[in-house]
Amino acid sequence: MYGTTMHLKEETVATLKQFDIGEKFSYLPVLPKASVLIPLFVRGGQLHTVLTLRSKELRTGAGEVCFPGGKRDASDLDDVDTALREAQEEIGLPPDHVEVVCTLFPVISKRGLLVSPVVGFIEETFNPTPNPSEVSSVFAVPLDFFIREKDHYVTHGVGGMTGALHSFYFRDPASGNQYHIFGLTAMLATLVAALALKKKPEFDVGFDFMDPLTFFKKMLHKRLSKL
């Protein structure tokens, strides 16, 4: 099993590194920045990711499912630094326990933040210690959940938004809790799942997962033109 785990991890790392943005978006205007960490690990021969349920006490995004992350601090060196610091603050994940793989295309959140998704591998044995002022719970989801039609829902024209809003309902077998995963989090989870697993989602996502950069660049410029 160890050999299989290592092989799957190495293959996934090699696949995802191809999508690292490097300096491709360094020309963007200065916007308020944020980063999220998309943690991956292998369990039972399958890739999984880790998500959090935000505390109901928070001023923004209260009670929503998110990847660990938050706004850039003045002391952060870069997007990766922000993602690792926030993950440590929120779920007790030490930065040196994360093998950073790549930074994917930035997206603009509904609050006008330029969000950089940072993908990294963690150990399967990681035991989260959620910060109760920020996080209510932490749970793991098999990555292929986000490319299957079974628990996927799509709505249109929500809250004045244009285009489709993808969402998923996931029941955590460990706790029995059901989580509603939607918006930016659902989109990023689907993107990473499609790229890492090299599989087209069973539902229409509006981008070519073989060449997602073109779509995300277009979407980013469309949002920028409205700011």
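Residues numbered from 1 in each chain as written. Predicted model: local features only at pLDDT ≥ 70, side-chain atom pairs only at ≥ 80, totals over all residues. Heavy atoms only, no water.

Chemist: So what's going on with the overall build of the protein chain? Residues and values would help.
Modeler: For the protein chain, the helix and strand inventory stands at 4 helices and 11 strands. Relative to a compact globule of 227 residues, whose C-alpha radius of gyration would be 17 Å, the protein chain shows 17 Å and is just as compact. Principal axes of the C-alpha set define a box for the protein chain whose edges measure 50 × 35 × 35 Å. Burial analysis of the protein chain (227 residues in total) assigns 47% to the buried set. Sequence separation of at least 24 residues holds for 64% of the intrachain contacts in the protein chain that already meet a minimum separation of 6. Total accessible area on the protein chain is roughly 11700 Å²; 54% of this is exposed by carbon and sulfur atoms. Taken together, the 24 basic and 27 acidic charged side chains of the protein chain have centroids lying 7 Å from each other. (Helix = DSSP H or I, 4+ residues; strand = E, 2+ residues; numbered from the N terminus. Rg over C-alpha atoms; globule rule 2.2 N^0.38 Å. Buried < 20%, exposed > 50% of the residue type's maximum accessible area, 1.4 Å probe, protein only. Contact = heavy atoms within 4.5 Å. Areas by Shrake-Rupley, 256 points an atom, 1.4 Å probe, with all protein chains shown as cover. Lys, Arg positive; Asp, Glu negative; His and termini not counted. Charge placed at Lys NZ, Arg CZ, Asp CG, Glu CD.)

Chemist: Residues and numbers for the packing of helix 3 (residues 183-197) against helix 4 (residues 212-224), please.
Modeler: Running from amino to carboxyl end, helix 3 crosses helix 4 at an angle of 160°, the nearest separation of the two axes being 13 Å. By the angle class used here, helix 3 and helix 4 are roughly antiparallel. Both helix 3 and helix 4 take part in a crossing whose hand is left-handed. Along its contact with helix 3, which presents Met187, Leu191 and Leu195, the element helix 4 presents Pro212, Phe216 and Met219. Its residues assigned to classes, the contact of helix 3 with helix 4 comprises 6 nonpolar, no polar and no charged. (Axes fitted to C-alpha atoms, helices over the stretch in contact; angles between N-to-C directions. Parallel < 35°, antiparallel > 145°, perpendicular 65-115°, else oblique. Left-handed = near helix turned anticlockwise from the far one by under 90°. Nonpolar A, V, L, I, M, F, W, Y, C, P; charged D, E, K, R; others polar.)

Chemist: Describe the nonpolar core, and please don't skip the residues or the numbers.
Modeler: In terms of nonpolar packing, the biggest core is built from 54 residues, with Leu104, Phe146 and Ile181 touching the most fellow members. Examining the composition of this core, we find that 9 residues originate from one element, helix 3, more than from any other. Excluding its chain neighbours within four sequence positions, the residues that come into contact with Leu104 are Phe19, Ile21, Pro117, Val119, Leu191, Val192 and Leu195. Phe41, Leu84, Ile91 and Phe126 belong to the second-largest nonpolar core, a separate cluster that totals 12 residues. (Core = buried A, V, L, I, M, F, W, Y, C linked by side-chain atoms within 4.5 Å.)

Chemist: Just give me the short version of the packing of aromatic side chains, but keep the residues and values in it.
Modeler: Working definition: an aromatic ring pair is given by the centre-to-centre distance plus the angle between the planes. In the structure shown here, the tally under the stated rule is 9 aromatic pairs. Seen from their ring centres, Phe139 and Phe170 are 6.0 Å apart, and the 15° between their planes marks the pair as stacked. Taken together, the positions of Phe139 in strand 8 (residues 135-142) and Phe170 in strand 10 (residues 164-171) put the pair 31 residues apart, joining distant regions of the chain. One exposure class covers both Phe139 and Phe170, and it is buried. With a centroid separation of 5.1 Å and an interplanar angle of 75°, the aromatic rings of Phe145 and Phe170 are classed as edge-to-face. (Phe/Tyr/Trp six-rings, centres within 6.5 Å; stacked < 30°, edge-to-face > 60°.)

Chemist: If you had to explain the pairing of strand 7 (residues 114-121) to someone new, which residues and values would you point to?
Modeler: Counting buried positions along strand 7 yields 8 of 8 residues, so the element is predominantly enclosed. Side-chain alternation along strand 7 places Leu114, Ser116, Val118 and Gly120 on one buried face and Val115, Pro117, Val119 and Phe121 on a second face that is also buried. Examined bridge by bridge, strand 1 (residues 33-43) and strand 7 share 8 bridges and lie parallel to one another. Paired with Ser35 across the bridge in strand 7 is Ser116. Here 4 bridges tie strand 5 (residues 99-103) to strand 7, and the two strands are oriented antiparallel to one another. (Pairing = 2+ DSSP bridges.)

Chemist: Provide a residue-level description of unusual backbone geometry, including the pertinent values.
Modeler: Phi is positive for Lys198, which is not a glycine, with a value near 55°. Along the chain, Lys198 turns up in the loop between helix 3 and helix 4.

Chemist: Could you give an account of the pattern of salt bridges, naming the residues involved and the relevant values?
Modeler: This structure, assessed with the given rule, holds 10 salt bridges. For Glu11, the salt bridge identified is with Lys198, shortest N-O distance 3.7 Å. Placement of Glu11 in helix 1 (residues 2-17) and of Lys198 in the loop between helix 3 and helix 4 is noted, with a sequence separation of 187 residues between them. Residue Glu11 is classed as partly exposed on the basis of its relative accessible area of 35%. (Salt bridge = Lys/Arg side-chain N within 4 Å of Asp/Glu carboxyl O.)

Chemist: Would you mind going over helix 2 (residues 79-91) in detail, with residue names and values included?
Modeler: Here helix 2 spans 18 Å end to end across 13 residues, near enough to the 18 Å set by a 1.5 Å rise per residue. At its buried positions, helix 2 is contacted by strand 1, strand 2 (46-54), strand 4 (69-71), strand 5, strand 7 and strand 8. For helix 2, the capping residue at the N-terminal end is Asp78, with a side-chain oxygen 3.2 Å from the backbone nitrogen of Val80. Looking at the residues trailing helix 2, positive phi occurs at Gly92, about 70°. (Expected span 1.5 Å × (residues − 1). Polar contact = N/O pair within 3.5 Å; in protein donor to acceptor, adjacent residues only side chain to side chain.)

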